[in-house]
Amino acid sequence: MTNQSFDVTPFLTQAEGQHFDRKSMFEGPPGAKHPRSRSEVREQAAAYVAAFANADGGVLLLGIEDDGAVTGHRLPPRAVESLLAAPQTRLDPPQPRGITVSHRGIFDVPAENVPVQMTGNGFPLRVGDRTIRARETQIAASKQQGMHESWESRRSSYSLEDLDSELLVRVRSGAGLSTVSDAEYLLRRKLADQRGRRLVLRRAAELLFARHAPDHPNAGVRVFRVIGTERRFGVEHNVEERPRIEGRLPSVLHEAQRVVAGLVRRPSRLVGVRFREMPEYPDFAWREALHNAVAHRDYAIQGAGTEIWLFEDRMEVVSAGRLPEGVTLEEVLRLERVHRSRNPRIVRVLVDLGFAKDQGEGIPRMFAEMEDAFLPRPEVEVRGERVIVTLRNTSTLTALDRRFVAGLGNTELDRLEVPCAAYGLQAK
């Protein structure tokens, strides 16, 4: 990659996460910073490149502070060359070397098909916004499932001409790759393979960028409104289905968000010490559940798709397929960060398009947002070949809590203090 083919602008303020990290080339207190050890920076760069390669790929920027300030480096040319070559000299198999843009080091790392080792120092792995050490067998199993066996990895009958060129321009810009060709972007994201002069697409490219609907009978989303708390049949039928949402996945997500947002009611909710009109489910919570269902479902199951059911007392988001192999329901409910992606190509592109935040915080934040809104914890369960996330809209505030809040006047309490203070009042 030449130093003209990567635009760092989208990353200057982006939060660190599964596919992105930034590191300063300096250390020390403000006003007295000095350059970091060259060998330390070189080893760190190699470790982070290996970690991204062992996961779903990513971008490492050197010479940028946590607040996005560009501070660059003070390395002589030979040291810069050694640093940029670290992925080739310290990793097995070797990975692409870095580049420099305006005194910043950039490593645009593709997902590797096999585990990548730091010579003599194990196998780093990116999990959320952390880089950890993992077992080679663990990484190999994840690669086998996501990069080789998943439906998204299969060969597509579509060609580059069948893809939406305007959407490809958008995604290249979001990825900092606005100057590369559509074909180069698809190759870097492993959405296509070069076979001689021919570009052969994978199914993920078809699902994401098809000019018309992809060749999959249930890649879209179905939305249902249930009048009541349980489905009824026959003469008591109480289910209203909205028109099916079909097309390429970014369009499906955009339209599904619009439809669901229009169906979510806005009752009075406690905000600070005031009851104000708020959505019955926090926006982040239901959007995260929807994004996960679309991004992580098993597209090999073509007889079922993603469904959203809005009952009077809850929302159920249904995803086709079980949890990815190697991920347990217990780990999800403990809010553990586990890296095992069934559709790594799809996930990476949705991050490039801005549909998914990159902090690796999705499920923990979904739980926190529900708690902050005084709503029950989300329920996650596996029923046969489906994963179901349930969000309930019944407030956890008691009648005493409500009376207590009403009597606070202008006093401000945070969300933790309200139930604690009410409990103390009840105990008197």
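To be clear, the structure that these remarks concern was listed above.
What you are looking at is a predicted structure, and each value in this text was computed from that prediction instead of being measured.

**Notes on the pairing of strand β11 (residues 192-195)**
Where β11 lies against strand β12 (residues 198-201), 4 bridges are found, and the strand directions are antiparallel. Its bridge partner lying in β12, Gln194 is registered against Leu199. Hairpin connection from β11 to β12: 2 residues lie between these consecutive antiparallel strands, with Gly196 at a positive phi of about 65 degrees.

**Observations regarding the side chain of Arg248**
Within the secondary structure layout, Arg248 lies in the loop between β14 (239-241) and α8 (249-263). Overall, the relative accessible area of 18% leaves Arg248 in the buried class. Side chain to side chain, Arg248 and Asp164 meet in a polar contact 3.0 Å long. Sequence-distant contacts of Arg248, that is, excluding residues within four places in its chain, are made with Asp164, Leu167, Leu207, Leu208, Phe209, Ala210, Arg211 and Pro214.

**Comments concerning the sheet that holds strand β20 (residues 386-392)**
Hydrogen bonds between backbone groups are what pair the strands of a sheet, and the pairing can be parallel or antiparallel. With mixed pairing, the 6 strands of this open sheet are ordered in space as β14-β13-β17-β18-β20-β19. Pairing within the sheet leaves two strands with one partner each, and these edge strands are β14 and β19 (379-383). The sheet shows a mean angle of 20 degrees between the axes of neighbouring strands, direction not considered. Where strand β18 (residues 314-320) meets β20, 7 bridges bridge the pair, whose relative direction is antiparallel. Pairing of Glu316 across the sheet is with Thr390, part of β20. Along the sheet face, helix α9 (residues 283-296) touches β13 (221-226), β17 (306-310), β18 and β20 and points at about 15 degrees away from the line of β18.

**Some words on the pattern of salt bridges**
In the structure shown here, the tally under the stated rule is 28 salt bridges. One salt bridge in this structure joins Arg90 and Glu43, with 2.6 Å as the shortest N-O distance. With a gap of 47 residues between them, Arg90 in the loop between α3 (86-89) and β5 (91-92) and Glu43 in helix α1 (residues 38-54) connect regions that are remote in the sequence. Given a relative accessible area of 29%, Glu43 falls into the partly exposed group. With a closest N to O distance of 2.9 Å, Glu241 and Arg222 form a salt bridge. You can see Glu241 sitting in strand β14 and its partner Arg222 sitting in strand β13, a full 19 residues away along the chain. For Glu241, a relative accessible area of 36% puts it in the partly exposed group. The structure contains a network of salt bridges with shared partners spanning Glu230, Asp313, Arg314, Glu316, Glu379 and Arg392.

**Topic: helix α12 (residues 362-372)**
Turning to α12, its buried residues number three or more, namely Gly362, Met366, Phe367 and Met370. Seen along its axis, α12 keeps its buried residues to an arc of 140 degrees; they face one direction. Considering only its buried residues, α12 is in contact with α9 and β20. Looking one or two residues beyond α12, the residue adopting positive phi is Phe374, at roughly 60 degrees.

**Focus on helix α5 (residues 165-174)**
An α-helix turns once every 3.6 residues. As a result, residues three or four positions apart point the same way. Within α5, the full set of buried residues consists of Leu167, Leu168, Val171 and Arg172. Projected down its long axis, α5 carries its buried residues within an arc of 135 degrees, all on one side. Contacts from the buried residues of α5 go to α6 (182-188), α7 (203-209), α8 and α11 (344-352). In the segment just after α5, Gly176 is the residue with positive phi, at about 75 degrees.

**Considering the pairing of β17**
In terms of residue burial, β17 counts as a mostly covered element, since 5 of its 5 residues are buried. In β17, alternate side chains face the same way, and those of Thr306, Ile308 and Leu310 on one face and Glu307 and Trp309 on the other are all buried. Alignment of β17 against β18, held across 4 bridges, turns out to be antiparallel. The residue bridging Ile308 from the neighbouring strand is Val317, located in β18. What sits between the antiparallel neighbours β17 and β18 is a turn of 3 residues.

**What to know about the sheet that holds strand β1 (residues 20-23)**
What the 4 strands build is an open sheet, ordered β1-β4-β7-β6; its pairing is mixed. Unpaired on one side and paired on the other, β1 and β6 (99-101) mark the two borders of the sheet. The average undirected angle you get between the axes of adjacent strands in this sheet is 25 degrees. Where β6 lies against strand β7 (residues 104-109), 3 bridges are found, and the strand directions are antiparallel.

**Comments concerning the packing of α8 against α9**
Put simply, α8 and α9 touch, their axes get as near as 11 Å, and they point 150 degrees apart. Judged on the interaxial angle alone, α9 and α8 are roughly antiparallel. In the packing of α8 onto α9, the handedness of the crossing is right-handed. Together, Leu249, Leu253, Ala256, Gln257, Val260 and Ala261 of α8 and Trp286, Arg287, Leu290, His291 and Val294 of α9 make up the contact between the two elements. In terms of residue class, the contact of α8 with α9 is built from 8 nonpolar, 2 polar and 1 charged.

Conventions we followed
Residues numbered from 1 in each chain as written. Predicted model: local features only at pLDDT ≥ 70, side-chain atom pairs only at ≥ 80, totals over all residues. Heavy atoms only, no water. Pairing = 2+ DSSP bridges. Helix = DSSP H or I, 4+ residues; strand = E, 2+ residues; numbered from the N terminus. Buried < 20%, exposed > 50% of the residue type's maximum accessible area, 1.4 Å probe, protein only. Polar contact = N/O pair within 3.5 Å; in protein donor to acceptor, adjacent residues only side chain to side chain. Contact = heavy atoms within 4.5 Å. Axes fitted to C-alpha atoms, helices over the stretch in contact; angles between N-to-C directions. Salt bridge = Lys/Arg side-chain N within 4 Å of Asp/Glu carboxyl O. Arc of directions from axis to C-beta. Parallel < 35°, antiparallel > 145°, perpendicular 65-115°, else oblique. Left-handed = near helix turned anticlockwise from the far one by under 90°. Nonpolar A, V, L, I, M, F, W, Y, C, P; charged D, E, K, R; others polar.

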